[in-house]
Structure formats: C-alpha cells, structure tokens
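Reading the structure
Below are the chains, spelled out letter by letter.
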Amino acid sequence: MNAPRRKTPELWPLALMSMLAAMMGTGTAFYRIAERTPDAVIAYAYQASLHYSDAVRAAERARALGWQLELNTELRADGAHATVTLRDATGASLDAERVTLRRERPAEGGYDEEFALAREGESWAGQIALPRRGRWHLVARAERDGERIERRVALRLP
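Being a predicted model, the structure only gives us computed values, none of them experimental.

**Points about the side chain of Thr85**
Residue placement: Thr85 occurs in strand 2 (residues 79-87). With residues near it in sequence (within four places) discarded, Thr85 still touches Gln68, Leu69, Glu70, Glu122 and Ser123.

The following block contains the structure:
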C-alpha cells in the first residue's frame, strides 16, 4: 500500500541560488571599491620603471663629473625640514640651475608632490609637509649644465 506523498518544496535550489547571488554581489562590491581606490604601488610602478634607467645614467654621469649631493633632513611635528648641498670632487660648493625635492608616499597614492627649494647660502632648504604618519621618501634633485643628480632618503613620521 502506498501512502499518499506529501508535496513539500525542496529548499536546496533556493539555497544554491541565494549563495550564487551573494557571491556575485560580493564580487561586484569589491570591484566597485577597487575601481574607485587605485593602489599606488601598482598604478605607479610602471611609470616609475620608465624613469629608472634614465636616473641610473644620470647618477653615473654625475659620479664621473665628481658631483656629490648631500640631503639632510630634520623631522618636525608637521613634516620635515630638508637641506640640500651640491659639491664637486674637491668639496667646493657648486651652483645649480634648479633644486627640487619630491615627496613620495610609497604605499598610498595622492600624496606625491614636488617642491622647489629656496637658496640659503651655499645650500638649498625648505619645509616639506608630511600630512600623514608613516613611511615617506624624499627625493632631492639638482640640475646643472643639462646634467642632474638625485639622492633618495626614507623617513618614518611617528
């Protein structure tokens, strides 16, 4: 004797569709977040690689000319005070056509900026704002007679 079967809805197709919809929604949300906030390390790595060989050649030419670039930094509450001195092979001060300092945030985009430094005696100096705590790179660049020399310093603002 067969007992009449009760028709109960099976829930596994609904559960499967719900899980698929949740995965698609989560993936779409992550995509939208990633689209609005580009990662500086990835976004600017290619751009930095284009300038790397040029910077190496410039450093070799400056070394052959006997140029030395000194970059001294002093951390302050609102940033860093930077002093740049350009010297020749004998240690005498050299004049430069242009001296700049570039502030770079290695792991976060939107904070990189270049500053022109002001002449102070035999050196160039300036106050560089560091708006967030953490790691920073300061890149000093001096240009003279169509040549340039760079010096990079890593800082950590507590």
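**Considerations on a nonpolar patch on the surface**
There is a patch of nonpolar side chains on the surface, built from Trp12, Leu16, Met19, Leu20 and Met23 and spanning about 570 Å² of accessible area. For Leu16, the location among the structural elements is in helix 1 (residues 12-36). Looking at Leu16, the relative accessible area reads 41%, which means it is partly exposed.

**A few points about the pairing of strand 2**
Across the nine residues of strand 2, seven count as buried, placing the element largely inside the fold. Relative to strand 2, strand 1 (residues 68-76) runs antiparallel, the two being bridged by nine bridges. Opposite Leu69, over in strand 2, you have Leu86 as the bridge partner. Following strand 1, the chain reverses through two residues before pairing antiparallel with strand 2. Here strand 2 pairs with strand 6 (residues 123-129) via six bridges, running antiparallel. Each residue of the ladder has a partner; that of Gly79, found in strand 6, is Ala129.

Cut-off values and rules
- Residues numbered from 1 in each chain as written.
- Predicted model: local features only at pLDDT ≥ 70, side-chain atom pairs only at ≥ 80, totals over all residues.
- Heavy atoms only, no water.
- Helix = DSSP H or I, 4+ residues; strand = E, 2+ residues; numbered from the N terminus.
- Contact = heavy atoms within 4.5 Å.
- Patch = residues over 30% accessible without salt bridge, like charges linked within 9 Å, V, L, I, M, F, W, Y side chains within 5 Å.
- Areas by Shrake-Rupley, 256 points an atom, 1.4 Å probe, with all protein chains shown as cover.
- Salt bridge = Lys/Arg side-chain N within 4 Å of Asp/Glu carboxyl O.
- Buried < 20%, exposed > 50% of the residue type's maximum accessible area, 1.4 Å probe, protein only.
- Pairing = 2+ DSSP bridges.

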